[in-house]
There are 2 protein chains.
Amino acid sequence: MARKQGSHAGITGPKIRDAALRLFARHGYAAVSMRQIAGEVGVQAGALYLYTPDKQSLLFDLMTSHMEELLSAWDAADSGGTPCDRLEAFARFHIRYHLDRPDNIFIAYMELRNLEPENFAVVEDLRDAYESRLVEILDAGRADGSFDIPDTRLAAKAAISMLNGVTTWYREGGRLGRDQVEAIYWDMLRKSVSAMPETEALDR
Amino acid sequence: MARKQGSHAGITGPKIRDAALRLFARHGYAAVSMRQIAGEVGVQAGALYLYTPDKQSLLFDLMTSHMEELLSAWDAADSGGTPCDRLEAFARFHIRYHLDRPDNIFIAYMELRNLEPENFAVVEDLRDAYESRLVEILDAGRADGSFDIPDTRLAAKAAISMLNGVTTWYREGGRLGRDQVEAIYWDMLRKSVSAMPETEALDR
DNA sequence: GTCTATATGATGATAGAC
DNA sequence: GTCTATCATCATATAGAC
């Protein structure tokens, strides 16, 4: 019965993470002070150290939990089928997931250099794991002849770069809706890995 | 005859720019101090202010001069021909240019948020101008039927994102050489914008 | 669990000697 | 043209009151 202490017990930690995520994404890790984060949460700077040992751990935790959630979300979303089906699912999943979490991807791709070496290695491994999910799909498609890809590792990097780009310009309520953007990116990706003839006929 | 002063007159300025470029790219604008830049050049921190009014101007100058050089280099490289020829030239130019200047592109794409609003607007315009060069090529190709692109503005963004990605992983002396990388990216880009049939025959 | 107060050092930028 | 010295401010992180 007696719930311990108050209705807001245990929410300061998440609030700190949310504020740090937003501020790091907006201004960059190095440009954000612990005082700013504390100010957003509504506590004093010193109070942050009850929830995180230091600023670096805050960044590291944000990045690893993002990558772990991304990986398990994709593993849950990957429903199998042909390589082409799975590639479509991957592309649409990736775009949707990141458009819903623009701050996360901003940090995950721009704050790598602010991680201390040991932390960087951990995050790098998680990033490789995600990329490998895509490589595996591309390998399967190359094996069964649906894809024509000289180097699946490179193609995976290129595809992820292209899909990530959407978060740098997409704005809710803009010229194109989410579904349209998703469909157009998927169409470009589909064609880019597909077997198709040279376009010599068009070179006048 | 009398050359004014010494053999190193006038080179401190460029040395400061070089050091700032390298350090900003490696650690980020906010994480780099004026003392670090001065240390790299071999002068004291105070001496930097003979060459730049402040740190922000240093970043702004690096970004604008990079974008202006990029634009004029492309305009000189664009030798015309069919839209497909020009797109190939663009892709290969973009990759080569940026692999030669990894620090520049790092700054140009990651330090936008550290620009003050007025400076940001200027750099944004230069970036738009570059993107528009590509849009124009895509429009021409769509008009003559060589490309099948639902939205050329979006396709240009996607293409540039994809091509930019190369700078995040390419290392000299790695598994793939520059020419191979260039060729593979161009092939993916070529296919992604080309008219090609649905791959229904391959599903299942 | 949050506060105030503080230790300790780095920061961007300036002034003035040489 | 570069130096030393300095200003005022900010940083991360800690100690101890309540």
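Residues numbered from 1 in each chain as written. Chains lettered and ligands numbered in written order. Predicted model: local features only at pLDDT ≥ 70, side-chain atom pairs only at ≥ 80, totals over all residues.

Take the protein's contact with DNA strand D next. Around DNA strand D sit 15 residues, and of these A:Ser33, A:Gly46, A:Asp54, B:Gln44 and B:Gly46 come closest. Its residues placed into classes, the surface near DNA strand D shows seven nonpolar, five polar and three charged. (Near = placed C-beta within 6 Å. Nonpolar A, V, L, I, M, F, W, Y, C, P; charged D, E, K, R; others polar.)

This part is about helix α1 (residues 12-27) of chain B. Residue and element names in this part refer to chain B. The first and last C-alpha atoms of α1 sit 22 Å apart over 16 residues, in line with the 22 Å expected at 1.5 Å per residue. Of the residues making up α1, those classed as buried are Ile 16, Ala 19, Ala 20, Leu 21, Phe 24 and Ala 25. On its buried face, α1 is in contact with α2 (34-41), α3 (55-77) and α5 (102-110). Trailing α1 by a residue or two, Gly 28 shows a phi angle of about 95 degrees, which is positive. (Helix = DSSP H or I, 4+ residues; strand = E, 2+ residues; numbered from the N terminus. Expected span 1.5 Å × (residues − 1). Buried ≥ 20, exposed ≤ 12 C-beta atoms within 10 Å, placed from the backbone. Contact = placed C-beta atoms within 7 Å.)

This paragraph deals with the protein's contact with DNA strand C. Around DNA strand C, 15 residues are found, and the nearest of them are A:Gln44, A:Gly46, B:Ser33, B:Gly46 and B:Asp54. Classifying every residue of the surface near DNA strand C gives seven nonpolar, five polar and three charged.

For the match of chain A to chain B, the screw axis carries a shift of 0.0 Å, the RMSD comes to 0.0 Å, and the turn is 180 degrees. On the angle and the small slide along the axis, the relation comes out as a two-fold axis. Here 100% of the contact residues of chain A are again contact residues in chain B; the copies associate through an equivalent surface. (Least-squares fit on C-alpha atoms with pLDDT ≥ 70 in both.)

The next point concerns helix α6 (residues 117-143) of chain A. An α-helix turns once every 3.6 residues. As a result, residues three or four positions apart point the same way. All names here are of chain A. Along its 27 residues, α6 runs 37 Å from first to last C-alpha, staying within 8% of the 39 Å computed at 1.5 Å per residue. Looking only at α6, the buried set comprises Leu 134, Val 135, Ile 137, Leu 138 and Gly 141. Taken together, the buried residues of α6 touch α4 (83-99), α7 (152-169) and α8 (178-193). Looking at the residues trailing α6, positive phi occurs at Gly 145, about 85 degrees.

With that out of the way, let us pick up the confidence of the model for chain A. Any region with low pLDDT has predicted coordinates that should not be read closely. Residue and element names in this part refer to chain A. Averaged over every residue, the pLDDT of chain A is 92; residues scoring 70 or more account for 91%. Segment residues 1-9: pLDDT under 50, and one contact once partners within four positions in sequence are set aside and those in other chains are kept. Residue range residues 199-204 is modelled with pLDDT below 50. Its contacts to residues more than four positions away, or to other chains, number eight contacts. (pLDDT = per-residue confidence, 0-100.)

All names here are of chain A. In the contact formed by helix α3 (residues 55-77) and α6, the axes pass within 10 Å of each other and the chain directions differ by 20 degrees. Judged by the angle between their axes, α3 and α6 are roughly parallel. Like other packed secondary-structure pairs, α3 and α6 cross with a definite hand, here left-handed. Contacts from Phe 60, Met 63, Thr 64, Met 67, Glu 68, Leu 70, Leu 71 and Trp 74 of α3 reach α6 at Asn 119, Val 122, Val 123, Leu 126, Arg 127, Ala 129, Tyr 130 and Arg 133. By residue class, the composition of the contact of α3 with α6 is eleven nonpolar, two polar and three charged. (Axes fitted to C-alpha atoms, helices over the stretch in contact; angles between N-to-C directions. Parallel < 35°, antiparallel > 145°, perpendicular 65-115°, else oblique. Left-handed = near helix turned anticlockwise from the far one by under 90°.)

What follows concerns the interface of chain A and chain B. With 34 residues of chain A at the interface, the matching set in chain B holds 34 residues. For the side of chain A that touches chain B, the elements supplying multiple residues, two or more each, are α1 (12-27), α7 and α8 of chain A. Considering each element in turn, the side of chain A that touches chain B owes the most residues, nine residues, to α7(A). For the side of chain A that touches chain B, a count of residues per class yields 16 nonpolar, eleven polar and seven charged.

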